[in-house]
Amino acid sequence: MLITYNTLTGNVQRFIDKITNNNYLKVKKITEDTMIAEPFIHITYTIGFGEVPKLTQIFIHNNKEFLRGICSSGNKNWGNNFGLAADKIANQYNVPILLKFELAGTDSDVAMFLQEVKFIDNQHKQYS
């Protein structure tokens, strides 16, 4: 399963670094013109008062047919706005939220994420 991501402060990058030792996953940092032709899960961050970063909005819109799930980092100091980018994308594109993690995530966040990715990947293989 392909994991795409973008990062601002480095928290998502640190989370990605924790999962890249898993041979099961391929990862790709996105740009505005990144096009994907296979199922993927996207990891983003939340900005402002629970907003989706512009780069994520553009990327997801351009690749929505292959989006299989979303994950977001955030800071719990933001209360109800914590990781809200994931909620907004999940609602707009009807995909599951795999995980919301604080800052760079914990080892248990990594384990939960990998479990969810494996589940989605197995579903995809079952129906393709």
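Chemist: Would you mind going over the layout of surface pockets with me for this structure?
Modeler: One simple way to see leftover space: roll a probe sized like a water molecule over the atoms. The computed volume of the largest pocket comes to approximately 270 Å³. Along the walls of the largest pocket sit 18 residues, with Thr9, Tyr45, Thr46, Gly74 and Asn75 positioned nearest its centre.

Chemist: I would appreciate a short explanation of the pattern of salt bridges in the present structure.
Modeler: Close approach of charged atoms allows side chains of opposite charge to pair. This model, assessed by the stated rule, comprises three salt bridges. Among the salt bridges present, the one from Lys26 reaches Glu38, with a minimum N-O distance of 2.7 Å. Of the two residues, Lys26 is situated in strand 2 (residues 26–29) and Glu38 in the loop between strand 2 and strand 3 (40–45); the sequence distance between them amounts to twelve residues. Notably, a salt bridge pairs Lys88 with Glu51, separated by 3.1 Å at the nearest N-O pair. Here the residue Lys88 occupies a position in helix 3 (residues 84–93), and Glu51 occupies one in the loop between strand 3 and helix 2 (54–63), the gap between them amounting to 37 residues. On the basis of relative accessibility, which here comes to 31%, the residue Lys88 falls in the partly exposed class.

Chemist: What is the right way to read the sheet that holds strand 5 (residues 97–102) from this model?
Modeler: Ordered by their spatial adjacency, five strands build an open sheet running 2-1-3-4-5, and the pairing between neighbours is parallel. Looking along the sheet, the strands with just one partner apiece sit at the ends: strand 2 and strand 5. Looking at each pair of strands side by side, their axes are set apart by 20° on average, direction ignored. In this sheet, strand 4 (residues 67–74) lies alongside strand 3 in parallel orientation, the contact comprising six bridges.

Chemist: What's the story with the nonpolar core in this structure? I'm lost.
Modeler: A general feature of soluble globular proteins is that nonpolar side chains tend to end up buried together. Judged by nonpolar contacts, the single largest core of 19 residues is most densely connected at Ile3, Phe15, Ile19, Ile41, Ile43, Phe113 and Val117. Non-local contacts of Ile3, meaning those with residues more than four positions away in its chain, are made with Ile16, Ile19, Leu25, Lys26, Val27, Lys28, Ile41, Ile43, Phe113 and Val117.

Conventions and cut-offs
- Residues numbered from 1 in each chain as written.
- Predicted model: local features only at pLDDT ≥ 70, side-chain atom pairs only at ≥ 80, totals over all residues.
- Heavy atoms only, no water.
- 1 Å grid on protein atoms, 1.4 Å probe; cavity = no way out; pocket = protein on both sides within 12 Å on 5 of 7 lines; lining within 4 Å.
- Points joined across faces, edges and corners; volume = space filled by probe spheres on them.
- Salt bridge = Lys/Arg side-chain N within 4 Å of Asp/Glu carboxyl O.
- Helix = DSSP H or I, 4+ residues; strand = E, 2+ residues; numbered from the N terminus.
- Buried < 20%, exposed > 50% of the residue type's maximum accessible area, 1.4 Å probe, protein only.
- Pairing = 2+ DSSP bridges.
- Axes fitted to C-alpha atoms, helices over the stretch in contact; angles between N-to-C directions.
- Core = buried A, V, L, I, M, F, W, Y, C linked by side-chain atoms within 4.5 Å.
- Contact = heavy atoms within 4.5 Å.

None of the figures reported here should be taken as evidence of function without further support.
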